[in-house]
Protein chains: 4
Amino acid sequence: MEIGLIGLGKMGGNMRERLRRAGHTVVGFDRDPALADVGSLEELVAKLPSPRVVWVMVPAGDPTRSTIGELKELLGEGDVVVDGGNSKYTDDAVNAASLAENGIGYVDCGVSGGVWGLENGYALMYGGSAEHAAKVMPAFEALKPADTSDGLVHCGSTPGAGHFAKMVHNGIEYAMMQSYAEGWELLDKVDIVENVPEIFASWRTGTVVRSWLLDLLVDQLREDEHLDKIRGYAEDSGEGRWTVEAALDNAVPLPAISASLFARFVSRQEDDVAMKAISAMRNGFGGHAVKKD
Amino acid sequence: MEIGLIGLGKMGGNMRERLRRAGHTVVGFDRDPALADVGSLEELVAKLPSPRVVWVMVPAGDPTRSTIGELKELLGEGDVVVDGGNSKYTDDAVNAASLAENGIGYVDCGVSGGVWGLENGYALMYGGSAEHAAKVMPAFEALKPADTSDGLVHCGSTPGAGHFAKMVHNGIEYAMMQSYAEGWELLDKVDIVENVPEIFASWRTGTVVRSWLLDLLVDQLREDEHLDKIRGYAEDSGEGRWTVEAALDNAVPLPAISASLFARFVSRQEDDVAMKAISAMRNGFGGHAVKKD
Amino acid sequence: MEIGLIGLGKMGGNMRERLRRAGHTVVGFDRDPALADVGSLEELVAKLPSPRVVWVMVPAGDPTRSTIGELKELLGEGDVVVDGGNSKYTDDAVNAASLAENGIGYVDCGVSGGVWGLENGYALMYGGSAEHAAKVMPAFEALKPADTSDGLVHCGSTPGAGHFAKMVHNGIEYAMMQSYAEGWELLDKVDIVENVPEIFASWRTGTVVRSWLLDLLVDQLREDEHLDKIRGYAEDSGEGRWTVEAALDNAVPLPAISASLFARFVSRQEDDVAMKAISAMRNGFGGHAVKKD
Amino acid sequence: MEIGLIGLGKMGGNMRERLRRAGHTVVGFDRDPALADVGSLEELVAKLPSPRVVWVMVPAGDPTRSTIGELKELLGEGDVVVDGGNSKYTDDAVNAASLAENGIGYVDCGVSGGVWGLENGYALMYGGSAEHAAKVMPAFEALKPADTSDGLVHCGSTPGAGHFAKMVHNGIEYAMMQSYAEGWELLDKVDIVENVPEIFASWRTGTVVRSWLLDLLVDQLREDEHLDKIRGYAEDSGEGRWTVEAALDNAVPLPAISASLFARFVSRQEDDVAMKAISAMRNGFGGHAVKKD
């Protein structure tokens, strides 16, 4: 198929490559002319046959919103826009409704795969009507992992279903990472246990905790046994917070996922803020030395 | 090699079978004569050549303690006892010291594998001196998964190192299961998402959350989409609690693992006990209707 | 002063009474004519001298929004609307901007006090410009507790500051209640401790945990030692969730407050939903009996 | 009454003073001769009339154990030892049984009050037989707060009941402090709210969250609005950990109390240890910059 692709950064660039290797024609646009195939969205649209499919792969929030706003004016009846970025699921209903005013279809798609996606394929979770999705299907088939029915799923006909599923995927990911991290911290700290990297390595076969994340952690531990070279600091990218927000809206308890998120927040504080208040109260009831700067 | 095996329940019985398939001679004892090869520990010991290796696979706590107490009297210099049960790591120093009084060696070994172990091999985490472990090595090699260096690890020369590592493995397992469970609850509850079992299935390839536990969950969800047939109730087996205890002793924060454990505790309460006190206070400050039985 | 008061339910009715006891003239409106002093908002507005002050005390969300929408048309330059309900702080900027279009001032005010407020006074946390607040001050002074500078605070000139502070107050309240509830559950469960209600009663003097919530809990425990008559079930009213949401927006870790909220969510589930997935996975790796309905 | 008091540090010294103000005769011993009334335990015992009452107020663990071991040899039939230190409740059964071998009674007593106890009285939670406690009662009455039935409670006839109740008191204290600390962090961080110390001050009257801890926090915030002079670092003293341990033993969920404890653990880490593993995994799946030292 022929497909427009907007946003040719690390993810988008690799996706263009994987699509081309599958024989598809990709017209890529990026604000960086060194990466782009065309000089403007107008040019991109002009190069595509009807019905056009344009995949947006730019940062969530304003960049995605403004790109979709421009496409609304450039595309028309029967065309389809895919938002493959990390948009919040609540944006999708807005985008879909806006594009529909001009007869343009909309598919939201969560994409997982990172730097491994080019070779191994991307896991794709999409939402929207089956009719719109059908127009994107050849690209989906090319991007997903080969030789499996996994890696591609229709999460619901409501716009946002795909981003919602991808968001929860990331929430689960946060808590799984926290699970290993907590176990590692304990094993690394106690004197009774030696050889922690090889313990993790041994778990890769025959245990209940085997996983791809475990494989990654083993590789890192074998290079740096006590992770001395890595700072204990982790960003969070939005999906984790949105997962907890969505859970609050739905009265779903997420103790492990929220704990994982909060642990990241704390790791980014220079001094532990809440503990200042704890320390102040301990100072107040006396007898506890307070560390002052 | 020739090896004595005490405890031929679900785990022990399958381990005997796997050892035999590997060409080893196993003399098995169980309190249930229908399962046992010999009628007594005395007979078991008499049938083994020196230095004898006896693997204990009975419930943790008193059964393991009393079995090791009996073996202390029956075995002698140069023999080795393996505790392959789910013993608390603090028991191992006691057992090792006691057996050493009679010149008997001691290896503690955490075993993972469940009903899949017979075919796929067991993951083994052991602690104790290399000298003692060497006498057990042929059995370790037979029990572990084939065709991999994974699945067998020496966790330290201090008795208890193996059980400690297995304990933490289970703590991680609790939190990983909680991670998926929380994500599933949220996805299953919201209207925007359909087709939840297939979303989980799709994650098995190309995503960050792929794992063996995910595979298991997919199988269950495909049989019972909303898990209507399963009660929301989970036991805990000791290792999770010991993991948190060990963390407290070592000032290691385990927010996700402890949250996972507490969630199991709550699931076993007929009525939510702490919430009675919450409700009582709300009643006290007025205006909140309290549900009375 | 003369003041209009809309919403004469449990809270509003008592506030009218406290204002009147202080010598103020209150014109009250409620959809229930049996409670109201006037038959319509038009009549209420007509009865007030300029500049008019109207205090809205109706449920948060649509009822408050529509009431403020009506007042926007009925009031004018120099008048002031107070939202004393449990509105989300993000509503206040919208309300303030809308009313400002017609020259009407706006003060948001979180009110704490429940059924005790009539006698003891209400704790008031307000936001908005000092100029607008000045017009409401006589009412604030009448409603707040007497003989103290506590109980009334200007939380910031940005609309929503008052509701934000009240929201966090409630978040803290949730976690404090959870603190006592957890301690009570443990004390009530163990055999070693007797006389739990009197233990809590003893803590009311000389301890670090003394508080008004403790006083309330003691009263309840003395009536029903094991809280056998109260169901372990607790609603949450919005502020707790908003507190966690605001914390997510600001990367502030709230482990205890969120745990308190999640405990309430779980208490309302007939069966423990996430535990169904835990149980399903345990079933999958075998050997664990699963409770089926 | 006449009473021996061992340990005259900050707590013990003030308790001696409060007992003397009440007209009791206190024979005090301390390793520091400058504080002591007598030069040895032998001398202390010799100065007391039968039946002797000796109150031990030394650090928990070995110091308390060895002191009680010495008293076992010096005291006799009908005498009573009180352990008023912060001992773990499991120590009390051992102490009581050991002293009973020589006919010596035992009372365990948790003491709360800190530097405020001298003037305001100490809250006392005691365990042990009524017969033994009766001999200590005049001292209890002198030490407890005056003019109230609060502040003194018999927690059970089993030795350890008093320390158990005091332990849970401290667990609750940890979570209450965490509750305020989380709320303060959020309020202090957001731009919408000003005047945070006065918000906390206002809560002291008429709100649900009023408490003695709140009073303390207000005093500290008024001196140092953003707590800039205090490091975010908090020790924990044992009781919090034991509370969680006891909860694990009894399958009681303590999400807020454990979260409070873990927050303190994290605050004492120079770098956030678990986050190193999180960061390592993120590094592994690529695309995430990892902060290296």
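Conventions adopted
- Residues numbered from 1 in each chain as written.
- Chains lettered and ligands numbered in written order.
- Predicted model: local features only at pLDDT ≥ 70, side-chain atom pairs only at ≥ 80, totals over all residues.
- Heavy atoms only, no water.
- Least-squares fit on C-alpha atoms with pLDDT ≥ 70 in both.
- Contact = heavy atoms within 4.5 Å.
- Helix = DSSP H or I, 4+ residues; strand = E, 2+ residues; numbered from the N terminus.
- Buried area = accessible area lost by both parts, 1.4 Å probe.
- Salt bridge = Lys/Arg side-chain N within 4 Å of Asp/Glu carboxyl O.
- Polar contact = N/O pair within 3.5 Å; in protein donor to acceptor, adjacent residues only side chain to side chain.
- Nonpolar A, V, L, I, M, F, W, Y, C, P; charged D, E, K, R; others polar.
- pLDDT = per-residue confidence, 0-100.
- Phe/Tyr/Trp six-rings, centres within 6.5 Å; stacked < 30°, edge-to-face > 60°.
- Buried < 20%, exposed > 50% of the residue type's maximum accessible area, 1.4 Å probe, protein only.

1. With respect to the relation of the copies chain A and chain B
Okay, step 1: Of the transformation superimposing chain A on chain B, the axial component is 0.0 Å and the angular component is 180 degrees, with the fit at an RMSD of 0.0 Å. As the rotation angle and translation indicate, the two copies are arranged about a two-fold axis.
Okay, step 2: Interface overlap between copies is the fraction of interface residues in one copy that are interface residues in the other; for chain A against chain B it reaches 100%, indicating a shared surface.

2. With respect to the environment of A130 of chain D
Okay, step 1: In this structure, A130 of chain D sits in helix α6 (residues 130-143).
Okay, step 2: C-alpha separation for the pair A130 of chain D and L186 of chain D, spaced 56 residues apart in sequence, amounts to 48 Å.

3. Description of the interface of chain C and chain B
Okay, step 1: With 51 residues of chain C at the interface, the matching set in chain B holds 51 residues.
Okay, step 2: Taken together, both faces of the contact between chain C and chain B bury some 4,900 Å²; the carbon and sulfur share is 64%.
Okay, step 3: Where chain C meets chain B, there are zero salt bridges.
Okay, step 4: Here chain C and chain B share 12 residue pairs in polar contact (both at pLDDT 80 or more) between them.
Okay, step 5: The element best represented in the side of chain C that touches chain B is helix α12 (residues 273-285) of chain C, accounting for 13 residues.
Okay, step 6: The class makeup of the residues in the side of chain C that touches chain B is 25 nonpolar, 11 polar and 15 charged.

4. Observations regarding the confidence of the model for chain A
Okay, step 1: Summary statistics for chain A give a mean pLDDT of 95 and a share of 97% for residues scoring 70 or more.
Okay, step 2: Interface confidence in the predicted complex, given as ipTM, is 0.96; pTM for the same model is 0.96.

5. Focus on the packing of aromatic side chains
Okay, step 1: All told, the structure shown has 24 aromatic pairs over all chains when counted by the stated rule.
Okay, step 2: Ring centres of W55 of chain A and F140 of chain A lie 5.8 Å apart, and the angle between their planes is 80 degrees; on these two criteria the pair is classed as edge-to-face. Taken together, the residues W55 of chain A in strand β3 (residues 53-56) and F140 of chain A in helix α6 (residues 130-143) connect sequence positions 85 residues apart.
Okay, step 3: F140 of chain A gets classed as buried once you look at its relative accessible area, which sits at 0%.
Okay, step 4: When the ring of Y89 of chain C is compared with that of F164 of chain C, the centres are 4.7 Å apart and the planes differ by 75 degrees; the resulting orientation is edge-to-face. Of this pair, Y89 of chain C sits in helix α4 (residues 89-100) while F164 of chain C sits in helix α7 (residues 161-189), and the two are 75 residues apart along the sequence.
Okay, step 5: Each residue in the set W55, Y126 and F140 of chain A is aromatic and connected to the rest through ring pairs, giving one cluster.

6. Remarks on the side chain of Q269 of chain B
Okay, step 1: Relative to the elements of secondary structure, Q269 of chain B occurs in the loop between α11 (255-267) and α12 (273-285).
Okay, step 2: There is a polar contact of 3.1 Å between the side chain of Q269 of chain B and the backbone nitrogen of V273 of chain B.
Okay, step 3: Excluding residues that lie within four positions of it along the chain, Q269 of chain B makes contacts with E185 of chain C together with A251 and P253 of chain D.

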